[in-house]
Amino acid sequence: MVIVKLTNVHKYFGDIKAVDGVDLEVKAGEVVSIIGPSGSGKSTLLRCINQLESVDYGRVEIEGQAVVEVDSSGKRSHLDKGEVLQAQKKLGMVFQHFNLFPHKTVLENIIEAPMLVNKEPRKSAVERAEKLLQQVGLADKHNAYPSQISGGQKQRVAIARTLGMQPDILLCDEPTSALDPELVGEVLAVLRDLAKANMTMLVVTHEMAFAREISNRVIFMDQGKVLEDGSPEKIFKSPEHPRIRDFISRMI
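An account of the accompanying structure is given in this report.

**Quick word on the environment of proline 175**
Topologically, proline 175 is positioned in the loop between strand E8 (169–173) and helix H6 (181–196). In this structure the C-alpha to C-alpha distance between proline 175 and alanine 158, which are 17 residues apart in sequence, comes to 9.6 Å. If sequence neighbours within four positions are ignored, proline 175 has contacts with Val94, Phe95, Gln155, Val187, Leu191, Val203 and Val204.

**Some details on the nonpolar core**
One finds Ile159, Leu170, Leu191, Leu194 and Met201 to be the most contacted residues of the largest nonpolar core, which totals 38 residues. In terms of residues, this core owes the most to one element, H6, which gives eight residues. If sequence neighbours within four positions are ignored, leucine 191 has contacts with Ile159, Leu170, Cys172, Pro175, Met201 and Phe210. One finds Val9, Ile34, Val70 and Val204 within the second-largest nonpolar core, a separate group that totals 31 residues.

**Structural notes on the packing of helix H3 (residues 106–116) against helix H4 (residues 122–135)**
Between H3 and H4, whose axes approach to 9 Å, the crossing angle comes to 130 degrees. On the basis of their axis angle, the class for H3 and H4 is oblique. Seen along the crossing, H3 lies across H4 with a hand that is right-handed. Two secondary-structure elements touch here, H3 through Val106, Leu107, Ile110, Ile111, Pro114 and Met115 and H4 through Arg122, Ala125, Val126, Ala129, Glu130 and Leu133.

**Notes on the pattern of salt bridges**
Side chains that differ in charge, positive against negative, can pair when their charged atoms come close. Applying the stated criterion across every chain, the model contains 19 salt bridges. Among the ionic pairs, arginine 192 bridges to glutamate 213, the shortest N-O distance being 2.8 Å. Of this pair, arginine 192 sits in helix H6 while glutamate 213 sits in helix H7 (residues 208–214); the two residues are 21 residues apart in sequence, bridging distant segments of the chain. Judged by its relative accessible area of 48%, glutamate 213 is partly exposed. Residues participating in the shared-partner salt-bridge network are Asp222, Arg243, Asp246 and Arg250.

**Points about the sheet that holds strand E6 (residues 76–78)**
Backbone hydrogen bonds are what pair the strands of a sheet, in a parallel or an antiparallel way. As summarised here, the arrangement of the five strands in space is E2-E1-E4-E5-E6, forming an open sheet in which the pairing is antiparallel. At either margin of the open sheet sits one strand with a lone partner, and together these are strand E2 (16–27) and E6. Taking each pair of neighbouring strands and ignoring which way they run, the sheet shows an average axis angle of 15 degrees. Note that strand E4 (residues 57–62) and strand E5 (residues 65–70) share five bridges and pair antiparallel. Among the inter-strand pairings, glycine 58 is bridged to a residue of E5, identified as valine 70. Docked against the sheet, helix H1 (residues 42–49) engages strand E1 (2–13), E2 and E4, running at close to 120 degrees with respect to E1.

**Section: the side chain of lysine 42**
Looking at where lysine 42 falls in the secondary structure, it is placed in helix H1. No salt bridge is formed by the buried lysine 42; its nearest oppositely charged neighbour, glutamate 174, is found at 4.4 Å. When residues no more than four places from it in sequence are discounted, the contact partners of lysine 42 are Ile34, Ile35, Gly36, Pro37, Glu174, Val204, His206 and Met221.

**A few points about a nonpolar patch on the surface**
Taken together, the side chains of Leu85, Leu116 and Val117 define a hydrophobic patch exposed on the protein surface, amounting to about 250 Å² of accessible area. Following the sequence through the fold, valine 117 ends up in the loop between H3 and H4. Overall, the relative accessible area of 35% leaves valine 117 in the partly exposed class.

**Section: helix H5 (residues 151–163)**
For H5, built from 13 residues, the straight-helix expectation of 18 Å at 1.5 Å per residue is met to within 8% by its first-to-last C-alpha distance of 18 Å. Counting buried residues along H5, 12 of its 13 residues qualify, which places the element largely inside the surrounding structure. Turning to H5, its buried residues are Gly151, Gly152, Gln153, Gln155, Arg156, Val157, Ala158, Ile159, Ala160, Arg161, Thr162 and Leu163. At its buried positions, H5 is contacted by strand E7 (91–94), H3, H4, E8 and H6.

**Quick notes on the environment of arginine 245**
Considering the arrangement of structural elements, one finds arginine 245 in helix H9 (residues 242–251). Judged by its relative accessible area of 42%, arginine 245 is partly exposed. In the structure, arginine 245 is positioned 10 residues away from isoleucine 235 in sequence and 8.5 Å away in space, judged by C-alpha atoms. Discounting chain neighbours no more than four positions away, the residues touching arginine 245 are Pro239 and Glu240.

What counts, and where the lines are drawn
Residue numbering note: each chain is counted from 1, following its sequence as written. Under the rules for a predicted model, residues below a pLDDT of 70 receive no local features and side-chain atom pairs below 80 are neither given nor counted, while totals for whole chains, interfaces and linings still include all residues. Computation of side-chain values: all heavy atoms of the structure, hydrogens and water removed. By definition, any uninterrupted DSSP run of H or I lasting at least four residues is a helix, any uninterrupted run of E lasting at least two residues is a strand, and each is numbered from the N terminus. Contacts: residue pairs with any heavy atoms within 4.5 Å of one another. To qualify as a nonpolar core, a set must consist of buried Ala, Val, Leu, Ile, Met, Phe, Trp, Tyr and Cys residues joined through side-chain atoms within 4.5 Å. Residue burial is assigned from relative accessible area. The probe radius is 1.4 Å, only protein chains are included, and a residue is buried under 20% of its type maximum, exposed over 50%, and partly exposed in between. Axis geometry follows a simple rule: fit a line to the C-alpha atoms, using only the stretch in contact for helices, then measure angles between N-to-C directions, giving values from 0 to 180 degrees. Under this scheme an angle from 65 to 115 degrees is roughly perpendicular, one under 35 degrees roughly parallel, and one over 145 degrees roughly antiparallel; angles in between are oblique. Handedness of a crossing follows from how the near helix is turned relative to the far one, being left-handed for an anticlockwise turn of less than a right angle and right-handed for a clockwise one. Salt bridges are defined as contacts in which a side-chain nitrogen from Lys or Arg sits within 4 Å of a carboxyl oxygen from Asp or Glu. At least two DSSP bridges between two strands are required for those strands to pair. Under this rule, positive means Lys or Arg and negative means Asp or Glu; His and the chain ends count for nothing. Exposure above 30% relative accessible area and no salt bridge define the residues that can form patches, which grow by joining like charges within 9 Å and nonpolar side chains of Val, Leu, Ile, Met, Phe, Trp and Tyr within 5 Å. All accessible areas in this document rest on Shrake-Rupley with a 1.4 Å probe, and a residue is counted as covered only by the protein chains that are shown. Here the expected span of a helix is defined as 1.5 Å times the quantity of residues minus one.

Written out as structure tokens, the structure is:
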């Protein structure tokens, strides 16, 4: 099943083409990494998928349902707010900067959305949160506050919080970019375990070795366009586009 499908998606910021005619499909169980230089539109693309940015042209589908479509005349058709919310629940987002509530404990951060958005009883939300904290190696931190844990631990809590909503796909926007180098490995280990468990993931990353290891496909973006979409072997060893060869040679 195709979880996410983009058809000719464009997003502009003034005269800047942040996303320029992107077509993309992500199927259930796939891990797709998006790589490319800073400012190439990678993060904006994720934000268009989960409707944090409104597309200026094109079509976004979630599990076969068109969430939004904008035609060449600028006419916009989309689901109503309730249906958009239901579609968004299928998408879990992990941000660069954690976005944890500083006044809530680790456990409270994880159970907040299931209880508030899904009206889940506190008991079952807590039970799932405790299992997720065990999964990300933080079972002993459930009563800690964000100020009391490291950046790597905060990001692992953020991943657990996202998984607490039981999404069908995890969208990760440079999940290690805000971390000190020595903390990167612990977050990548959690994502690696999720990939092994067949979690569908779309990951924007600058960690080339990680992208090569876990991905079914790697997408290279530059200036808002997808220059190539292929297997890690193809992208990292024999890319067709000279821009990709130059980028890879500088990053590895």
